[in-house]
Every structure is written in structure tokens, then in C-alpha cells.
Amino acid sequence: MAGSNEVNANESKMAVPLNTWVLISNFKLAYNMLRRPDGTFDRHLAEFLDRKVPANATPVNGVISFDVLIGRTSKLLSRIYRPAPSTSAAVPLLADLYQPPSADPFPVIIFFHGGSFAHSSSNSAIYDSLCRRFVSLCGAVVVSVNYRRSPEYKYPCAYDDGWAALKWASGEPWLQSGKDAKFRVFLAGDSSGGNIAHHVAVRAAESGIEVSGNILLNPMFGGNCRTESEKRLDGKYFVTIRDRDWYWKAYLPEGADRDHPACNPFGPNAAKLDGLPFTKSLIIVAGLDLVQDWQLAYAEGLKKAGHSVKLVYREQATIGFYLLPNTDHFYQVMDEIKNFVMANVQ
Amino acid sequence: MSSSFRSDMGTDPYDSVGDDRWIIASASDRGSSRGEIDSLLHGAGYRVRSTDLRHVAIGLEQLESTMVGHQCVASSAEAIHYNPSDLTAWVDSMLSELAPDPHLLRHPQSTATANTWADPTQQRPSLHRLENHHQHRNVPAVSLQSMDEEEDAAIRLVHLLVSCADSVQRGDSEMAGSLLDQTRLALARVNTGFGIGKVAGYFVDALCRRLYPPPPSATGGGGSAANLEILYHHFYEACPYIKFAHFTANQAILEAFQGHDRVHVVDFNLMHGLQWPALIQALALRPGGPPLLRLTGIGAPSPDGRDALREVGLRLAELARSVQVRFAFRGVAATRLEHVRPWMFQVAPGEAVAVNTVLQLHRLLGDRASPEGSDAAAAEPIDTVLEWIVGLKPKIVTVVEQEADHNKPSFLDRFTEALFYYSTMFDSLEGGRVGGSHRGGQQQQQTVVAAVAEAYLQREMCNIVCFEGAARVERHEPLARWRDRLGRAGLRAVHLGSNAFKQASMLLTLFSGEGYCVEEVAGCLTLGWHSRPLISASAWRADDADDASPPRDHQTLVLQDHSSSITSGSNNVVDGDDHLHQHSVMRSHMGSSDRINDTGSGSSCSRV
């Protein structure tokens, strides 16, 4: 129905627990304040409002984190999460941080946080929580990339930064494991991070870097036409077509439309993925996410190009279900992720 | 897999271990006990008590409905945010910055037993139908049976509300509280998005606030003057009432000024001065050339050293300069109208004076002595003000007022009246928006503006229901009572003619949906929705006004409908000997003293 700015909170209230509703509604409200109609973004206020946490080399629940600059000259920051090194010291020494967590094969997950290309950072509280969980779930080292955001940095900056992080990680000796000293890397992301994971995976496939798997949580894709799910769910579950349009406009190059291959990788302008050694994908789609038709089309596109896809469709889930551990969606999807990683880390 | 770290074997790896900064929830932690911080939100960086979650959620919802639209976004960006982690405080402070009244927040004591997270599936019944008025044209076709069910639910809701107001009036707070809970339950069965459900929801909140007044907050009462202006502007945009008021008043003023070289308009509530560009332009075009126009604008003092009145004056001066109308502006800052004194206007001899009061006079009324309202009782501020208005010997006094009796002595009567009045108002916001072919049909933008306009109306509603004494300023009285009052003060009606009527009708067809209707009532005009008048416009002159002016010429100077947007352009001060737009601001202090501090803007007012 029309009127994407209409206050229509009623359906969303029934779909999620109260504290989830408060969290996501708060984001929605704050984000509305930050997006200006002229396409600019109130970055100062965004940074003020975003809840951040510092890195913490003191183990918490067996996980530590620290920030690194990727490459000496670059300004690209990443936060590394890893199992606490086995050391008797209360706080690991710097040298300990760069020890492999295990001699046995362990996964490295390069994680791209969500935020529709404009919001959040690798030190945002919600993503700090999620990355810690990945570590505990899979025994992984997680590299959360603080990629450059739009509208200040448009396509392809986020992809460039993702690619830089992958290349950096692939050259770190302590991230290799197993008898064959292999770099067992997964690319993961939610929302815009899922989109970034895909495009970095394409580059990896084209460049001969082997990726063990892609994990896409409610990935952000789109296109010019309005799909049925967009029209049906517009404004009903925290997200509107209008805000999606704003974020695409902010990320895509000037003058591009949403059939740009960054947004629509299986659209009219896309390069074919057939024959590429593209990785396996685990794609999680929330049934109350208005862009699900694009996500499903993405999964189909991968399949048609001959690539392995595991699709997990959570019918009653909304966006952001993975932010708070208070639903079945959360726990079951975490299980799926764990199984996928374990199955492909060898 | 290495054994050097804990592996997840199907149990949640995060226990509530004792790191202060990180209370990560365990699977068993389905929600903290009352009063404790919600641990999951804590993990996301927010400290919210579990018991406050509902309050915050409601606040977020209210913020969303207020916080739409370009101006509001800009305003929110200018707002100073503190400690976003304290979501409760943040939401509350944003609401008091942007929303009309903190009263609309549910008091924590009154936690509803009803599930406010209802799942409405019904269509909207209109309260209108309960009054046996026309069926709302926009109600979609549904089966008769379901309509009856909704109507029953709506009727029940109204009944509960009125019963609750009754127990409030009787001072039976226990009964009132219980009825409030029942009302909330009933509310859960109607769609609170619009129609009766929406209006009822606001009245429930207002009653609740009246029953359980929150302690005086640090932010003081209500929103700032600047934010009220924003709400007012949205109300101006969303529906034709204010435009109608301006249009009609300007026409009367224009006619009264005919044949006068020097004219002086006193505006009781300048706001953004939306009314005046059209008058300035009409004066520019009048045969024989424009007069020297002086405008005195009364408004609230600006905080923070800003001089909002002056800014408006400068913009108007710039406009006047561009159409070659000699113009001078003076601002009078007053917290209450009764503190204004006529000498502040410095009316010059020989000037034709127009006094313009749009939705202001009712603020000067007091409690009515008896139900019949024999106002021969103690002198109220209104009497003083009317006296000096008459003393100015104005050529015209334009009066626009809400057409309702929200000043009845009985709280229950006021409440019931307001319930129906604002229900109709809200209906018109809804219906006028859908039906209108407004500026190329920008539906989404209209929705946005309408939502903020509702916030403007909520503010009025809440004042009527929650306040008494000097704080209750929305003391609307119907045209019939104003006629008597103005007549006793020595003013005589100036009939608004068919030309004004015709122009008002044309304005409505151009800009608003069907359902609005203009009526002529003994020389005054009313604008209403589906035969219920909601606002009245009338014009008056002093009995003994010096009648040196020529007889009224019924030629109509057609007022162009000036674009309603006031661009906040640069405040260029144009200097030129032939343009007099110097300005000084006089401030009146609250209280009895008549001492005035000049704000020291440095300029004096010089005269032609």
C-alpha cells in the first residue's frame, strides 16, 4: 500500500519480542533522523547515537578482541575476535594475540557488518555481540571489517575494503591452520554486509583465492522494479521501500539505478558467474523482510549458474532477528551457520 | 578442534558471567525481573529497565508519528541529545522536544493491563457515524455485519471514555483508574491508527495524565515556542483551517484599509507570519498604490538569544521591499497576551488600525461562573484586552476561533465536547488528505504533514483535558458567545460578504478534499467538515471608529493565494531611506510589573 511513511507499527509489534521491537524501532527512528532528503547524512549525530564498545583483550566468555589496521599505509580498521589464547597471564601479551588459536583446522570468518552501507561500524555494540557469538559457535577467528560507508564513500569503496581485508588475512601466517597450513576463510555479512560478502567472493573467485563458504544473513539486494514482497511488506516491519531507495542512491554511483550490478547481481547488467569457482553459499532469508524476493532471486541466480546454495527461509522472522538471542529464529539460524562452517572448514 | 577454548555443544555459550560491561544473556534469561536492566538490550548498548520497556515502546511510537517530515527531521537534528544509552530518557526528551506534551506519555504507574501491542484488523469506524452525520466517504466498503461490530466497539469505547471522565469529575480516582484499564482493553479492539481509535487513544492518555500527573520535569512544561511553530506550520499545511482564517481575515482587512494611506496591523500571534505575504502583495496591487504598512507582531519570547520575531519581520520586510510597499515591523515579545499593553504598538494618529486575532482570544478567558455563563462576574483578562482593542479605534478587528464550547464549567461536558470536536477534526485531516488533489498528489508527503498536524491538535486536546486555572488556555467558545462578548465590549459586526465566501470556496476546491464546507452565518463564515463547523471567522469594528474612510467599496481585490512556504532566507537588512523596517523588540515580564527592558537591538523606530 502507498504511504511508506505511514505509522503502521501494528504488525511489527506482534512479530517480535518487546525488547527486540524497542531495539529495532529505536534504530529506525534514529536512522530517520540521520537520512536527509537531499541525500546527505548526519554523520556526526550517527556516530553520537551509535552504541559502541571498545575492543577487549581480557577474555570475556572465552573471547577476546583487538583492533588492527589492515596494511601499514591504509586507514582500514578491523576488529579481530578470537578464542582467548591459552596462556596463564590474565591479559594476553601482544605476541599471544597473533598465535593461531589451534593447530587443527579452524575457520576464519571475515565479517561485514550491516547498516545499509551507511550505518554502524565494526565496534558497534550489536555487531560486537554477534562476532563474539561466531567465535564461540565455531571456534573461529572473526575479522570484522570497518569498511568505508556511504554516502561519503560510494561504490566500490566497501568492496575494495572487503577485498583488502581478505587479501590481508590470506597473508597472515597465524590464520592458517591444519597440516596443509591452509587459510580456511568464510565471508559473512548481514544486510549490506551480505552484499559485500557476495562481491568480495566474486573477486576472490576471479583471483584464485579459495573461499570455503559465504554466509549471507538477510543480504541487501535490489533492483529497479518493485517486487511483490516489497509492495506487500512496505512499511510493515520496520523497513520501507523509500528508505531502501535512499540507501541505494547513497551507495551506487551518481546516475546509476538499482539495476546496477552492485545492487542487482543477477539483473540485466550483471556479469555471468557461470564457470567461475565461486564458493558455496548459506543464505538466510527472513519471511517478513521486504527485500526477500531479491534475496530469493539471488539464490536462484547462483543455482542457475551452477553454484551450491543452501537456503534457510525463516517465515516469521523480521530483519534484525539475529541481534538479540531471544527467539527460535536466532538459535536455529546460529545452528545452521555453525553446521555450515563445520561442514566446510575441512 | 582445539581444546584451548570452550566449544559449543548445543548449549548457549554465554552465561551471565560477571564481567560488568558485558552482561550477555543466557538462553534461560527470558527477561529480567522487574526493575532490572533488560540484559539483552544491555548487550546492544542500551540500559532500559524491563519495567520501562513498554513505556519506551509507546514513546518510540509517538515519536515516530511526530517525527516525520522535513522540518521535523531538521529540528530533531538540532535537538541536543544526551546519553542515548538511557533509552527511556532519550525517548522522553525527544518527545518533549518534538512532541507537544509530555502528558501524552503514559505514566509508569498506570501500566495497562491490556496488551497495547494489539493486532487490529478492523476497518475504521468514524465517530461521525455515531452522531448520525454523513457516512464518511472514505470508509471502504465492508460487510454490514462487520461494520456493526466495529460500531459497537466504538460506541462502547466512547461510553467508557465518558464514564471515565465522569468519575474523574466526581473525584473518584479508583473508579476512574479501573475504567481507564477497561478503556484500554476496548481500545485494543479498534484500530488505533485512525478514526475513533486514534482520537480515543489520545483522550485516554490525557485522562491518565489528569489522574496521575507526572512530577514537574526538568524540561518544564510543554515544548518550546520554536517547536510549536513547527507543529503549527504542519497544521497550516495539512488542512485548510488556518489558510481559510488568513484568507478571510485578509480580505476584511484589505477592504477596511481602502482609502487609507497609512495602515497598521496588529497581529496577536505572529508565528512565521504566514498570513502577511498575501496581504502585502494585495496592497501592492491595489489601485492608487500601496499604503505605508506597519505590522506589529506579538509572539512568545525566543530562548537562547534568538529573536524569532525579528527574523520574521526581516523576511516580511524583504518581501515588501520587493513589491515596493513601504513597510515597518515591530515585534512585541510576551509570554501571555494579558501582559501586552497598547502603548507598545505606538499607534500613530491617523493610522488605520487592524487588529488580527487568529485562535488567540480564547486564551484570555477564565472559568465561567455558571452553566448559563452570565459573564457579569469578575473582570477577566478578556475584558481588559477588548477594552484596549476598542480604545485603539480599529477599522477592523478580525477574529478567528474554534467553533466549539470547550470552556463549559463541567469537566465532563468539556471532555465530551472535545471528544467529538477533535474526532471530526482528525477525520477531516484524514479525509481531506486522501481526497484532495494537493500539489500534484504527493501522497506520502501529505501523510507526513498530516501526522505532525495531529500532534498540533493533540496539544490543544491535552490542554483542555488535563489542565485547570491559568494553565488551561484552550478555552474555546462558540461564535454565538463571542458575538455577545464582542458586542458588549463595543464592537459591531462587519459582515463578510459573498466575495469572501466565494474566495473561501474556491480555495477549498483548489486545495482540499471534498467534505469541507463553508457556511455563512449572520455575516460570519465558518469552515467545517461534513456540516459540522469547526472554525469561525468574523470581522468587527469599533462602534465609534472615526468614519473618515470612504464608504465601503464592494469591488473585490482578489488576494492571490501566496505560497504557504516561508523560505528561511537570509536575514538581509536592506538599508534605504525610503524603506523603514527598523525594528525594536519590547519584552514584557511575567507578573505585575510594567517595566520593560529594551533588548538593545540598537535601532529605534522612526516614522514617516
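In this text the structure is predicted, and so the values were computed from the model without any measurement.

Reading guide: rules and limits
Residues numbered from 1 in each chain as written. Chains lettered and ligands numbered in written order. Predicted model: local features only at pLDDT ≥ 70, side-chain atom pairs only at ≥ 80, totals over all residues. Heavy atoms only, no water. Helix = DSSP H or I, 4+ residues; strand = E, 2+ residues; numbered from the N terminus. Buried < 20%, exposed > 50% of the residue type's maximum accessible area, 1.4 Å probe, protein only. Areas by Shrake-Rupley, 256 points an atom, 1.4 Å probe, with all protein chains shown as cover. Core = buried A, V, L, I, M, F, W, Y, C linked by side-chain atoms within 4.5 Å. Contact = heavy atoms within 4.5 Å. Salt bridge = Lys/Arg side-chain N within 4 Å of Asp/Glu carboxyl O. Pairing = 2+ DSSP bridges. Axes fitted to C-alpha atoms, helices over the stretch in contact; angles between N-to-C directions. pLDDT = per-residue confidence, 0-100. Parallel < 35°, antiparallel > 145°, perpendicular 65-115°, else oblique. Left-handed = near helix turned anticlockwise from the far one by under 90°. Nonpolar A, V, L, I, M, F, W, Y, C, P; charged D, E, K, R; others polar.

Attention now goes to the overall build of chain A. Counting secondary structure elements, chain A contains 11 helices and 10 strands. Each of the 346 residues in chain A was classed as buried or not, and the buried ones make up 64%. When the accessible area of chain A is evaluated, it comes to approximately 12,300 Å², of which 53% is carbon and sulfur surface.

So, on to the nonpolar core. Residue and element names in this part refer to chain A. Grouped together as the largest cluster of nonpolar side chains are 134 residues, with contacts concentrated most on Ile110, Leu166 and Ile337. The greatest single-element share of this core, amounting to 9 residues, is contributed by helix H2 (residues 18–34). Ignoring anything within four residues of it in the chain, the contact list for Leu166 reads Ile110, Phe183, Val185, Leu187, Val200, Ala204 and Ile209.

This paragraph deals with unusual backbone geometry. Residue and element names in this part refer to chain A. The residue after Ser150, namely Pro151, is reached through a cis peptide bond having omega 0°. Residue Ser116 is not a glycine yet carries a positive backbone phi of 60°. Its location among the elements puts Ser116 in the loop between strand S3 (108–112) and helix H5 (125–138). The exposure class assigned to Ser116 is buried, which follows from its relative accessible area of 6%. In this structure, Ser120 is a non-glycine residue whose phi angle is positive, near 65°. Mapped onto the elements, Ser120 comes out in the loop between S3 and H5. Judged by its relative accessible area of 7%, Ser120 falls in the buried class.

This part covers the pattern of salt bridges. All names here are of chain A. As enumerated under the stated definition, the model contains 38 salt bridges over all chains in all. Its salt-bridge partner being Glu47, residue Arg149 comes within 3.2 Å of it at the nearest N-O pair. Pair noted here: Arg149 is in the loop between strand S4 (141–145) and helix H6 (157–170) and Glu47 is in helix H3 (residues 43–49), with a separation of 102 residues, a long-range link. According to the relative accessible area criterion, Arg149 is buried, its value standing at 16%. Its relative accessible area of 30% is what places Glu47 among the partly exposed residues. Sharing partners across several salt bridges, the network here consists of Arg43, Glu47, Asp50, Lys52, Arg149 and Glu152.

Let us now look at the sheet that holds strand S8 (residues 213–217) of chain A. Consider a sheet: its strands pair through backbone hydrogen bonds, and that pairing is either parallel or antiparallel. Residues and elements named next belong to chain A. With mixed pairing, the 8 strands of this open sheet are ordered in space as S1-S2-S4-S3-S7-S8-S9-S10. The sheet terminates laterally at strand S1 (63–69) and strand S10 (309–314), the two strands that pair on one side only. Averaged over all pairs of adjacent strands, the angle between strand axes in this sheet comes to 20°, irrespective of strand direction. In this sheet, strand S2 (residues 77–83) lies alongside S1 in antiparallel orientation, the contact comprising 7 bridges. In the strand pairing of S2, Ile64 is matched with Arg82.

All names here are of chain B. Here chain B shows a mean pLDDT of 73. Residues at 70 or above account for 67%. Predicted confidence for residues 548–608 stays below pLDDT 50, and this span has 120 contacts to residues more than four positions away or in other chains. The complex prediction reports pTM at 0.49, with the ipTM value standing at 0.91.

Attention now goes to the packing of helix H2 (residues 53–66) of chain B against helix H4 (residues 87–98) of chain B. Residue and element names in this part refer to chain B. Close contact between H2 and H4 brings their axes to 9 Å; oriented N to C, the two are set at 30°. By the angle class used here, H2 and H4 are roughly parallel. In the packing of H2 onto H4, the handedness of the crossing is left-handed. Here His55, Val56, Gly59, Leu60, Gln62, Leu63 and Thr66 of H2 come into contact with H4, specifically with Leu87, Thr88, Val91, Asp92, Met94, Leu95 and Leu98. Of the residues belonging to the contact of H2 with H4, the class tally is 8 nonpolar, 5 polar and 1 charged.

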